[in-house]
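# An overview of the molecular structure
Residue-level listing of the chains:
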Number of protein chains: 2
Amino acid sequence: MAGPFAVGIDLGGTNIKAALVSRTGGLVVDCSADTEAHFGPERILDNIARLVQDLARRSPEPVVGVGIGSPGTIDLARTTVLAPPNFPGWEKIHMGDALASRLGPLAGVVIVENDANAAALGSAHYGAGSAFESFIMVTLGTGVGGAIIYGRRIFRGASGGAGEIGHMTIDYEGPMARSGVAGAIEAYIGQRFLSRHARYRLMNRGDSAIHRMANYDLHGITPKMLHEAAVEGDEGAIEVLAWAGHKLGVVLGSAVNLLDIRKVIVGGGLSAAGDYILDSARRSIVRYVTPGLQEGIEILRETRGNEVGMLGAAHLVFEWLDDRKGQAAT
Amino acid sequence: MAGPFAVGIDLGGTNIKAALVSRTGGLVVDCSADTEAHFGPERILDNIARLVQDLARRSPEPVVGVGIGSPGTIDLARTTVLAPPNFPGWEKIHMGDALASRLGPLAGVVIVENDANAAALGSAHYGAGSAFESFIMVTLGTGVGGAIIYGRRIFRGASGGAGEIGHMTIDYEGPMARSGVAGAIEAYIGQRFLSRHARYRLMNRGDSAIHRMANYDLHGITPKMLHEAAVEGDEGAIEVLAWAGHKLGVVLGSAVNLLDIRKVIVGGGLSAAGDYILDSARRSIVRYVTPGLQEGIEILRETRGNEVGMLGAAHLVFEWLDDRKGQAAT
């Protein structure tokens, strides 16, 4: 397997996933560790460093660097992670310095990126997005994440925060999600909100298999249950997922109007509910796009699952190599 | 005044506006002609060619080229204009060929761009947008137009159609505008829709000055009347314009979430109603943006008025020069 090689890290609230990636061959080997966020940032950094060390040692040649997809706010220079939610005690950490002090020069260059952006970049080079120059990525999970790939690169916006699809409104007088934005799409299809909608909607439908699945307490409804019930042909569950897909189509339609990027890749846990949501989104998106931009609209599922996070993080390093060569040439 | 020089054309349904532009000095001289769209495309092209010829002759040195901001669909290569609305008989015209056949080499390189994009580029280099690397431009007139400037360049999307802010929805079950998109912002603040809203809202407010201004037939309400009445302190008119501004803020908030571009320049006829609309938009936009992206949001009026259309069109030629130099260097 030919180089160059880089390490890609997907830093999550529960796990840290890490992979050694070859530019030409993709994922070589991966491993993971508990994040142990409750022990504070020094412990998290130790855990990351240990994974990097393991993988760097297994690389056929020195790794060029480490890419990290992280929650929290990333600075424009892509070196520092600011206050990731659910990481107590983490204020502002320069990741390059943190790894250099633990590993010396072993880690090489260190580049940080927003986790949604890293996943989209992974899709662009190793996943479903590799078929397209440009696409919108939306991640359906606890929240609704998003990212924009334009010309196989992350579209970062003026300060690196672009792609917050989850906070786009579809009804200016609608319900509020965490961000305080009325009618934000997350307030409909974020996990908690979707489960609540399902509870209300299925409450008086005793025929739905969801009652049995949730042990007759609808507060326990999960998107996974909805998917399983839908697969069994449960009408109520199918309706709820189609309702969610319709809303998703609305917000994606708005994004297509603004960006003229007509390919959408859907990832994240809820994307497992697949076509029950996506077929509905495919029907509604077209109704929310101006006729001149409707041709060629597609909504696809990410095929590489969560791996795109690590792969995209590693690719940050390969992009950095390209940019350095480009600068040397001019 | 130093060169290089280019001609910028703002092709409208009623008038063709043209300017000789110096890269360093801006607008040198401008002129205009009736479009005469009803006589068909050949006549329109003759009219454009005559303006180009007049201006090229007045240039201190041969013009590098002609930039044209046009309605209709522009191809990705920026050479061809497809079916502009209200231009009967115009199917698909290659503008470079059309001008070369009329003027020979006099016109130089010919570059076409969507009129909203051209105006935004003009703002970026000669207008209110020149203070920013990146901004969203929204044009309030008969319709609601939009464009995105990113790194002082037009963000074109995958096929050149980006920036259709007017078709973004703010209420997925809202009223429909021309595009058929439910709740598209144009269905609230496009000229016809805003006038209708004003009619309904002021119908039973005999105290509003609008009744007198519209000769007691509220079907004749124009945005200009609303502005004049607001300046006189008319409560009803002020309320209507604030209502419009609120809606504008909603859709701009969605755009900021997606793009992380926090500066907005507002142009077009209705922008004359200025702060009656914009102050309201400034209050609402923040409520529709996720907290992490709220800092530094600004909504400003374009200060160069309609001139930005011609200026931006000419600037397409200067950009082309830069790109050619860039390619020669690598």
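Residues numbered from 1 in each chain as written. Chains lettered and ligands numbered in written order. Predicted model: local features only at pLDDT ≥ 70, side-chain atom pairs only at ≥ 80, totals over all residues. Heavy atoms only, no water.

Turning our eyes to something else, we now look at the domain arrangement of chain A. Residues and elements named next belong to chain A. Here the domain parsing of chain A yields domain 1 (5-115 + 307-329) and domain 2 (128-301). One C-alpha centre belongs to domain 1, the other to domain 2; they are set 29 Å apart. If you look at the interface, domain 1 gives 8 residues, while domain 2 gives 7 residues. By the criterion of area lost to domain 2, the three top residues of domain 1 are L76, E113 and E319, representing 57% of everything that side buries. In this structure, R153 and E319 form a salt bridge, with 3.7 Å as the shortest nitrogen-oxygen distance. At the junction of domain 1 with domain 2, the criterion picks out 3 residue pairs in polar contact (both at pLDDT 80 or more). Sort the elements by how many residues they give to the side of domain 1 that touches domain 2 and helix 10 (residues 307-329) lands first, with 3 residues. For the side of domain 1 that touches domain 2, the class distribution of residues is 3 nonpolar, no polar and 5 charged. (Domains from an automatic or database assignment. Contact = heavy atoms within 4.5 Å. Buried area = accessible area lost by both parts, 1.4 Å probe. Salt bridge = Lys/Arg side-chain N within 4 Å of Asp/Glu carboxyl O. Polar contact = N/O pair within 3.5 Å; in protein donor to acceptor, adjacent residues only side chain to side chain. Helix = DSSP H or I, 4+ residues; strand = E, 2+ residues; numbered from the N terminus. Nonpolar A, V, L, I, M, F, W, Y, C, P; charged D, E, K, R; others polar.)

Bringing the sheet that holds strand 11 (residues 153-154) of chain B into the picture now. Residues and elements named next belong to chain B. Overall, mixed pairing links the 5 strands, which are arranged 11-10-9-12-13 in an open sheet. Edge strands, defined here as strands with exactly one partner in the open sheet, are strand 11 and strand 13 (298-301). Pairing of strand 9 (residues 135-140) with strand 12 (residues 263-267), which is carried by 4 bridges, proceeds in the parallel orientation. Bridge pairing in strand 12 links I136 to V264. Helix-sheet contacts for helix 9 (residues 274-287) involve strand 12 and strand 13, and the interaxial angle to strand 13 is about 165 degrees. (Pairing = 2+ DSSP bridges. Axes fitted to C-alpha atoms, helices over the stretch in contact; angles between N-to-C directions.)

With that settled, consider the relation of the copies chain A and chain B. Superposing chain A onto chain B requires a rotation of 180 degrees together with a translation of 0.0 Å along the rotation axis, leaving an RMSD of 0.0 Å. In symmetry terms, the pair is related by a two-fold rotation axis. Within chain A, the C-alpha atom positioned nearest to the axis of rotation is that of D171 of chain A, 2.0 Å from it. Counting the interface residues of chain A, we find that 100% of their copies in chain B are interface residues as well, pointing to one common contact surface. (Least-squares fit on C-alpha atoms with pLDDT ≥ 70 in both.)

Listed per partner, the contact involves 42 residues of chain A and 42 residues of chain B. Taking both partners together, chain A and chain B bury about 3,400 Å²; carbon and sulfur atoms supply 62% of that area. Applying the counting criterion to the chain A and chain B interface returns 26 residue pairs in polar contact (both at pLDDT 80 or more). Of all elements in the fold, only strand 10 (144-150) and helix 8 (235-259) of chain A reach the threshold of two or more residues within the side of chain A that touches chain B.

Residue and element names in this part refer to chain A. Between helix 1 (residues 41-58) and helix 2 (residues 95-103), the least distance of the axes is 10 Å, while the angle of their chain directions is 65 degrees. With respect to their mutual orientation, helix 1 and helix 2 come out roughly perpendicular. Crossing angle aside, the handedness with which helix 1 passes helix 2 is right-handed. Seen from helix 1, the contacting residues are E42, L45, D46, I48, A49, V52 and Q53; seen from helix 2, they are M95, A98, L99, R102 and L103. (Parallel < 35°, antiparallel > 145°, perpendicular 65-115°, else oblique. Left-handed = near helix turned anticlockwise from the far one by under 90°.)

What follows concerns the sheet that holds strand 3 (residues 26-34) of chain A. Residue and element names in this part refer to chain A. Reading across the sheet, the 5 strands line up as 3-2-1-4-8 and stay open at both edges, with mixed pairing between neighbours. The open sheet has two edge strands, strand 3 and strand 8 (109-114), and neither has a second partner. Adjacent strand axes in the sheet meet at a mean angle of 20 degrees, parallel and antiparallel pairs treated alike. Sheet strands in contact with helix 3 (residues 115-126) are strand 2 (15-22), strand 3, strand 4 (65-70) and strand 8, and its direction is about 105 degrees off that of strand 8.

What follows deals with the pairing of strand 12 (residues 263-267) of chain A. All names here are of chain A. Where burial is concerned, most of strand 12 is hidden: 5 out of the 5 residues are buried. Burial of strand 12 is two-sided: the residues K263, I265 and G267 facing one way and the residues V264 and V266 facing the other way are all buried. Pairing analysis gives 4 bridges linking strand 12 to strand 13 (residues 298-301), with the strands arranged parallel. What sits directly across from K263, in strand 13, is E298. (Buried < 20%, exposed > 50% of the residue type's maximum accessible area, 1.4 Å probe, protein only.)

Before going further, it helps to examine the packing of aromatic side chains. For the structure shown, the criterion picks out 9 aromatic pairs over all chains. Ring centres 6.1 Å apart and planes at 50 degrees place the aromatic pair Y188 of chain A and W243 of chain A in the tilted group. Within this pair, whereas Y188 of chain A is found in helix 4 (residues 186-189), its partner W243 of chain A is found in helix 8, the two being separated by 55 residues in sequence. By relative accessible area, which is 18% here, W243 of chain A ends up buried. Grouping aromatic residues by their ring pairs yields a cluster made of Y150 and F155 of chain A together with Y150 and F155 of chain B. Between R43 of chain A and the ring centre of F39 of chain A, over which it is positioned, the NZ or CZ distance is 4.0 Å. (Phe/Tyr/Trp six-rings, centres within 6.5 Å; stacked < 30°, edge-to-face > 60°. Lys NZ or Arg CZ within 6 Å of the ring centre and 35° of its normal.)

Residue and element names in this part refer to chain B. Under the 1.5 Å per step criterion, the end-to-end length of helix 9 is 21 Å for 14 residues, consistent within 8% with the ideal 20 Å. Turning to helix 9, its buried residues are G274, I277, L278, S280, A281, S284 and I285. In this structure, the buried side of helix 9 is in contact with helix 8 (235-259), strand 12 and strand 13. (Expected span 1.5 Å × (residues − 1).)

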